[in-house]
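Coordinate analysis (summary)
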Amino acid sequence: MLRIVFLRATLLLLLLATGAAQDWARSALEKSPRHQEWVQVKHGDRVVHAFVVYPEVKDKRPVVVVIHENQGLTDWVRSVADQLAAAGYIAIAPDLLSGMAPNGGKTADFADASSAREAIYKLNPESVTADLNAVTDRARKLPAGNGKVAVAGFCWGGAQTFRFASNRRDLAAAFVFYGTGPEDISGINAPVYAFYGGDDARVNATIPKTTEQMSKAGKKYEPVTYEGAGHGFMRSGEAPDASETNRKARQQAWQRWLELLKRM
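Here we summarise the structure given alongside this text. The shown structure was predicted, so the numbers you read here are calculated from the model rather than taken from an experiment. (Residues numbered from 1 in each chain as written. Predicted model: local features only at pLDDT ≥ 70, side-chain atom pairs only at ≥ 80, totals over all residues. Heavy atoms only, no water.)

Details of the packing of helix H3 (residues 75–86) against helix H10 (residues 244–261)
Interaxial distance between H3 and H10 falls to 12 Å at its minimum, and their mutual angle equals 50°. When the axis of H3 is compared with that of H10, the two are oblique. The interaxial crossing formed by H3 with H10 has right-handed handedness. Contacts between H3 and H10 involve Val80, Gln83 and Leu84 on the former and, on the latter, Arg250, Trp254, Trp257 and Leu261. Class assignment of the residues belonging to the contact of H3 with H10 gives a composition of five nonpolar, one polar and one charged. (Axes fitted to C-alpha atoms, helices over the stretch in contact; angles between N-to-C directions. Helix = DSSP H or I, 4+ residues; strand = E, 2+ residues; numbered from the N terminus. Parallel < 35°, antiparallel > 145°, perpendicular 65-115°, else oblique. Left-handed = near helix turned anticlockwise from the far one by under 90°. Contact = heavy atoms within 4.5 Å. Nonpolar A, V, L, I, M, F, W, Y, C, P; charged D, E, K, R; others polar.)

Encoded structure:
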């Protein structure tokens, strides 16, 4: 009996780790009426798989490059791309773990979230920048796009968004969700809009330094902290079991994001 209980518990943990905990996000994707597709972005000998969603509109629209969390390109991140398309923007979410999984696979081919997370922190920063440059180049040339490209990211992806903005001067905007700033901000040209959870001491401890750096350099940086929200509130605030504070923060942050996107 104990062995059966143990096996069931182990299976449950494995299902959670491999993405079953995001079934609600996958379900939303499957019900979406918008056009979704996978594309391959090639540069050098590298192939980056990316998930693209198009809005149902008549005119050409801006593109948002969505950078995933430290678990890779999950169903939730893809659902964010779909929600951006529902709001009228083309969204392209690259899988920066392309080729890193067993047998050269991508995020979905890792055994569990822990394995994907371990692989994320082995990525070379210069290689990540090269991937994002290639994806952004592709985004700028999309026939349905109007040439304007913004970048947005969450957690690890938030930090990568901030860092990428320091390496790419033609971005329309950078949206940083609970990500830390880079040491060198001299190359930043785009306005940086940041979103932080009030109960996220690790990340929030970096805000004063980033604010000072950006102010001294004359860069546009507008951080907003949502009190009571934890790290990752954009994802956890959407989950069926979301706390009231995370759900409220997510709703407020989403509305702010949409208003900022209109400025592009």
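From this point, the narrative continues.
Description of the pairing of strand E4 (residues 90–94)
Most of E4 is tucked away, with five of its five residues classed as buried. Side chains Ile90, Ile92 and Pro94 project from E4 onto one buried face, and the interleaved Ala91 and Ala93 project onto a second face that is buried too. In the sheet, strand E2 (residues 46–54) pairs with E4 via four bridges, with the strands oriented antiparallel. Along E4, the bridge assignment pairs Ala50 with Pro94. Bridging between strand E3 (residues 61–67) and E4 involves three bridges; their strand directions are parallel. When the bridges of E4 are listed, Val63 appears paired with Ile90. (Buried < 20%, exposed > 50% of the residue type's maximum accessible area, 1.4 Å probe, protein only. Pairing = 2+ DSSP bridges.)

Let's talk about the side chain of Ser32
Of note, Ser32 is situated in the loop between helix H2 (23–31) and strand E1 (35–43). Engagement of the side chain of Ser32 in a polar contact is seen with the backbone nitrogen of Arg34, the distance being 3.1 Å. (Polar contact = N/O pair within 3.5 Å; in protein donor to acceptor, adjacent residues only side chain to side chain.)

Brief notes about the environment of Val203
Along the polypeptide, Val203 turns up in helix H7 (residues 201–204). A C-alpha to C-alpha distance of 6.7 Å links Val203 and Gly179, two positions 24 residues apart in sequence. Other than its neighbours up to four places away in sequence, Val203 contacts Tyr178, Gly179, Thr180, Tyr196 and His231.

Concerning the sheet that holds strand E8 (residues 221–230)
Pairing is mixed in the open sheet, where eight strands are placed in the order E1-E2-E4-E3-E5-E6-E7-E8. Every interior strand has two partners, whereas the edge strands, E1 and E8, have only one. The mean inter-strand angle of the sheet, taken between neighbouring strand axes irrespective of direction, is 20°. Of the pairings in the sheet, the one linking E3 to strand E5 (residues 145–154) comprises six bridges and is parallel in character. Its bridge partner being in E5, Val65 is matched across the sheet by Val151. Packing of helix H6 (residues 156–165) onto the sheet brings it into contact with E3, E5, strand E6 (174–177), strand E7 (192–199) and E8, and relative to E5 it is tilted by some 130°.

A look at the nonpolar core
Burial of nonpolar side chains together is a common tendency in soluble globular proteins. With 44 residues, the main nonpolar core has Ile92, Val192 and Tyr221 as its most contacted residues. For this core, the element with the highest residue contribution is helix H5 (residues 125–140), accounting for five residues. Look past the residues within four positions of Val192 in its chain and what remains in contact with it is Phe162, Ala174, Val176, Met214, Lys220, Tyr221 and Glu222. Judged by nonpolar contacts, the second largest core, of 38 residues, contains Leu73, Ala93, Ala152 and Ala253. (Core = buried A, V, L, I, M, F, W, Y, C linked by side-chain atoms within 4.5 Å.)

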